[in-house]
Amino acid sequence: MSTSGRHMARTVTLPASLDEAVAALSAMPAAVPVAGGTDLMASVNSGLLRPAGLIGLGRVNELRGWQYQDGHALLGACLTHARMGRPDFAALIPGLAAAARAAGPPQVRNAGTLGGNIVTAAPTGDALPVLAALEATVLLLGPEGAREVPVSHLLTGMDPLRPGELLTHVRVPLLHAPQTFLKATGRTGPGRATASVCVVLDPARRGVRCAVGAVAPMPLRPLEAEAWVASLVDWDGERKLDPEACTAFGEYVAEACIPAPAPDDGSAESGTLSAAVVHLRRTVAALARRALGRALA
């Protein structure tokens, strides 16, 4: 099917199965797979992106649901934010459900997909810090076969999508433990995050995982702060912390993810933070403190 227009793709393919989608992408590696298109079409309409072709994934049923698999949830790449926000999914992966419910107004949640959030890799993508904290992996299928890589490797460019490769599923560990996601926006109501934080408890490994979104090109993991606060948790008891420890954790996370700039004179002392950066640090600290407190409550 052909279409015309100054910013539109020359060819649109609508495969009915995963095999057809992979074959279409292999035949035209420069084409762009699209499901909800909430980010992609904004780029096309503004003239920032002019794909050679589009491969619509809306008819590929294999990508739309989820299943249980060896202690994990295997999530289809075309799972929408609206579907992930429902109570049955929230019981499965509460952190991802909370991020999905915060992803924007209803029209965005109804169309936007998990796979699109990952492939677009916008710093403000709400699902991304949750997937980083959960240490999720992505399943990729292309001309050379299938492979699985950590979502963090994909987002940082350590192991990017190869030509003709399609992101088909996301594998998420089922931790059966508290998870929280919080975000701050620049306005009242749904909006893009100025900062977001996900905190995940992992009692089996006696760990606390945290990821911070929107403050850098990819989600950040403050590993030292995670290890420090995990050492304070009574994993065999009520798993509670003093409010002072939660506050210190928030500040630790903020300083780790938003470090002070190097001084202009080359000395060992840190440079001065601008008022905007100080405010962002305070925001991240508050989000991390609240997220940890809610996870331990």
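Residue numbers here run from 1 along each chain, matching the order of that chain's written sequence. Restriction of local features to residues with pLDDT of at least 70 applies here, the model being predicted, together with a cutoff of 80 or more for giving and counting side-chain atom pairs; totals for whole chains, interfaces and linings are based on all residues. Where side-chain values are given, they derive from all heavy atoms of the structure, hydrogens and water being excluded.

I'm lost on the overall build of the protein in this one. Help?
Summing up its helical and strand segments, the protein has 12 helices and 11 strands in all. Here the C-alpha radius of gyration of the protein, 20 Å, is about what a compact globule of 297 residues would show, namely 19 Å. Within the span of the protein, comprising 297 residues, buried residues form 46% of the whole. Throughout, a residue-residue contact means that at least one pair of heavy atoms, one from each residue, lies within 4.5 Å. When contacts within the protein are restricted to residue pairs at least 6 apart in sequence, those whose partners lie at least 24 apart make up 58%. Under this rule, positive means Lys or Arg and negative means Asp or Glu; His and the chain ends count for nothing. By convention, the point assigned to a charge is CZ for Arg, NZ for Lys, CD for Glu and CG for Asp. Taking the average location of the 26 positive side-chain charges in the protein and that of its 25 negative ones, the two points are 10 Å from each other. Runs of E in the DSSP output that reach at least two residues are strands. Runs of H or I that reach at least four are helices, and both are numbered from the N terminus. Radius of gyration means the value over C-alpha atoms here, while the globule rule gives 2.2 Å times the residue count to the 0.38 power. Note on classification: 1.4 Å probe, protein chains only; a residue is buried when its accessible area is under 20% of the maximum for its type, exposed when over 50%, partly exposed between these limits.

I keep staring at unusual backbone geometry and nothing clicks. Help me out?
Comment: phi is negative for the bulk of residues other than glycine, and the bulk of peptide bonds are trans. Of note, E135 is a non-glycine position whose phi angle comes to about 55°, a positive value. For E135, the location among the structural elements is in the loop between α8 (127-134) and β6 (137-142). Classification of E135 by relative accessible area gives partly exposed; the value is 36%. For R239, which is not a glycine, the phi torsion comes out positive at approximately 55°.

When you look at the packing of helix α11 (residues 243-257) against helix α12 (residues 275-296) in this model, what are you seeing that I'm missing?
In a packed pair of helices, the relevant descriptors are the angle between the two axes and the axis-to-axis distance. Axis geometry follows a simple rule: fit a line to the C-alpha atoms, using only the stretch in contact for helices, then measure angles between N-to-C directions, giving values from 0 to 180 degrees. At a minimum axis distance of 7 Å, the contact between α11 and α12 shows a crossing angle of 135°. It follows that α11 is oblique to α12 by the angle criterion. The two elements α11 and α12 cross, and the hand of that crossing is right-handed. Between α11, through C246, T247, F249, G250, E251, V253, A254 and E255, and α12, the contact on the second element is made entirely by R281, V284, A285, A288, R289, L292 and G293. With respect to orientation, any angle under 35 degrees is reported as roughly parallel, any angle over 145 as roughly antiparallel, any angle of 65 to 115 as roughly perpendicular, and every other angle as oblique. With the far helix as reference, a near helix turned anticlockwise by less than a right angle produces a left-handed crossing, and one turned clockwise produces a right-handed crossing.

Just checking my understanding: could you explain the state of the cysteines for this structure?
A disulfide bridge is the covalent bond that connects two cysteines by way of their sulfur atoms. Note on terminology: pairs of cysteine sulfur atoms within 2.5 Å are recorded as disulfides. Counted by the stated rule, this structure contains 0 disulfides. Counting only cysteine sulfurs, C210 is the nearest neighbor of C257, a cysteine outside any disulfide, at a range of 6.6 Å.

Help me out: how do you make sense of the sheet that holds strand β10 (residues 193-202) in this one?
One bridge is not enough; two strands pair if DSSP finds at least two bridges between them. Taking strand neighbours across the sheet as the criterion, the 3 strands line up as β9-β10-β11 in an open arrangement whose pairing is antiparallel. With one partner strand each, in any of the chains shown, β9 (179-185) and β11 (207-213) form the two edges of the open sheet. Shown here is a sheet whose adjacent strand axes are inclined to one another by a mean of 10°, direction ignored.

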